[in-house]
Amino acid sequence: MAFNPDFDLFQLPEEYRELRSAIRQIAEEQIAPHAAEVDADERFPEEALKALNESGFNAVHVPDEFGGQGADSLAAVIVIEEVARVCGSSSLIPAVNKLGTMGLILAGSDELKAKVLPDIAEGGLASYALTEREAGSDAGGMKTKAVRDGDEWVLNGSKCFITNGSRATWVTVMAVTDPEAGSRGISAFMVHKDDPGFRVGGLEHKLGIKGSPTAELYFEDCRIPADRMIGEEGTGFKTALQTLDHTRPTIGAQALGIAQGAFDAAVEYVKERKQFGKPIAAFQNTQFTLADMKMKIDAARLMIYTAASNAERGVAEDGGKLGLMAAGSKAFASDIAMEVTLDAIQLLGGYGYTRDFPVERMMRDAKITQIYEGTNQICRMVMGRQILT
Ligand code: COS
């Protein structure tokens, strides 16, 4: 019993339903067949990249004047959800392309947008470099510095846990430009992979999302032209947090897709698997578990679509209510993705624990969604602050 948008959700306009069916077909035909191997071999999902690039689903959020499709946030989360339903690693292609360009779209000059965004629309990847070894949840504690030298900025430092970082053409990098000014002394830059002094370091060996490289990035006297700064000097931390207000729902969508994929696999399995002389679907325990899984998935979907739509509705940014639902939908969807994938494994019993079925991969992929783009504890903190203001 796969998710049926015709009766599982308030009716979305026709264009979104058509979009879902188009991306679902690509995901099932061109991405799903490679998902297990991508995970087992810890290799980049080249087939997914090609399929997404050829169909234009790689970065639907890029505005049309910069070569993209100008799709809204709801369309972007539907694309990510449908790819994640078959392959969590591959869903990070559209998700991180948005994360790595959102700051630029929100706060950058048209000249800088014209330089970067067409590259991403045409198939290059983008990344977002905020986190450092000693600055994770406390993102404002970063040490990477940028010093002005004539018409250039010179960056020194390193970033870690950068999703798709080793494959990115363009990276949004946050760096300290005024060490005395706290979070108001952080600025954001667009760094190109060929900029002198930019180097990709080691890759992490991870529990899940093994097809998506998680890289260290080094900046060693990395020189970039002054016009690569996003917005004004000192606004980089705000841009970074505003970005997350727009992109946490995309991680929620990734979690949602993974949960839906595990649910679909479990439903299929329980109808086939016989014990005590009948399909295990006939047992009330199975039915109650499936009912609980479905309630959680459907609730998460409503939250994510609402959070995504808020961006288009002009819900206040700059620390306003946009972040409340964004953080909440991400935390909720990732928590239920963990629960649902574990339930799916339990329903499949011993087989669920093997690589012969996708649910163990989905459980491992789900785990990261509780951690990145703000741990769910940070998301609750963001919510708490906004509820009380
Ligand atoms: N949008 C715009 N500005 C924001 C904002 C938002 N959502 N949230 C906070 N700000 C502003 C504040 O208004 C403040 O500005 P002023 O200095 O002008 O007053 C500034 O940013 C600093 O905010 P704050 O004092 O709240 O910062 P903290 O260091 O206390 O906390 C948190 C910021 C913890 C919320 C932030 O560091 C965070 O989200 N951390 C998690 C990082 C993360 O998600 N990492 C994953 C990276 S992607 S894998």
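Residues numbered from 1 in each chain as written. Predicted model: local features only at pLDDT ≥ 70, side-chain atom pairs only at ≥ 80, totals over all residues. Heavy atoms only, no water.

In the neighbourhood of the ligand, 24 residues make up the surrounding shell, with Ser137, Arg184, Lys238, Asp245 and Arg385 lying closest. Here a nitrogen atom of the ligand sits 2.8 Å away from a polar atom, N or O, in the main chain of Ser137. At a separation of 2.8 Å, an oxygen atom of the ligand approaches a polar side-chain atom of Lys238. Contact with the protein chains covers 75% of the free accessible surface of the ligand, which is 1000 Å². Those elements that place two or more of their residues in the shell around the ligand are helix H7 (236-272) and helix H11 (376-387). Residue contributions to the shell around the ligand peak at seven residues, all from H7. In terms of residue class, the shell around the ligand is built from 10 nonpolar, seven polar and seven charged. Viewed by domain, the shell around the ligand spans two of them, domain 2 (126-232) and domain 3 (237-387), each represented by three or more residues. (Near = heavy atom within 4 Å. Polar contact = N/O pair within 3.5 Å; in protein donor to acceptor, adjacent residues only side chain to side chain. Areas by Shrake-Rupley, 256 points an atom, 1.4 Å probe, with all protein chains shown as cover. Helix = DSSP H or I, 4+ residues; strand = E, 2+ residues; numbered from the N terminus. Nonpolar A, V, L, I, M, F, W, Y, C, P; charged D, E, K, R; others polar. Domains from an automatic or database assignment.)

Glancing now at the UniProt feature "domain: Acyl-CoA oxidase/dehydrogenase middle" (unreviewed entry) in the protein chain. Look at the UniProt record and you will see "domain: Acyl-CoA oxidase/dehydrogenase middle" (unreviewed entry) annotated at residues 128-222. Counted over residues 128-222, helix gives 0% and strand 53%. Its end C-alpha atoms are 17 Å apart. (UniProt positions renumbered as here; feature names shortened; annotations may be inferred.)

This part takes up the environment of Ile251. Within the element layout of this structure, Ile251 appears in helix H7. The class for Ile251 is buried, based on a relative accessible area of 2%. If near-sequence neighbours (up to four positions away) are discounted, Ile251 is found in contact with Lys330, Thr369, Tyr372 and Glu373. (Buried < 20%, exposed > 50% of the residue type's maximum accessible area, 1.4 Å probe, protein only. Contact = heavy atoms within 4.5 Å.)

Right, let's talk about the domain arrangement of the protein chain for a bit. Domain annotation of the protein chain identifies domain 1 (2-121), domain 2 (126-232) and domain 3 (237-387). When each unit is reduced to the centre of its C-alpha atoms, the spacing between domain 1 and domain 3 is 18 Å. Listed per partner, the contact involves 33 residues of domain 1 and 34 residues of domain 3. For the domain 1 and domain 3 pair, buried surface summed over both sides reaches about 2600 Å², with 64% attributable to carbon and sulfur atoms. Applying the counting criterion to the domain 1 and domain 3 interface returns 10 residue pairs in polar contact (both at pLDDT 80 or more). Counting only elements with at least two residues in the side of domain 1 that touches domain 3, the list comes to helix H2 (14-40), helix H4 (73-86) and helix H5 (88-107). (Buried area = accessible area lost by both parts, 1.4 Å probe.)

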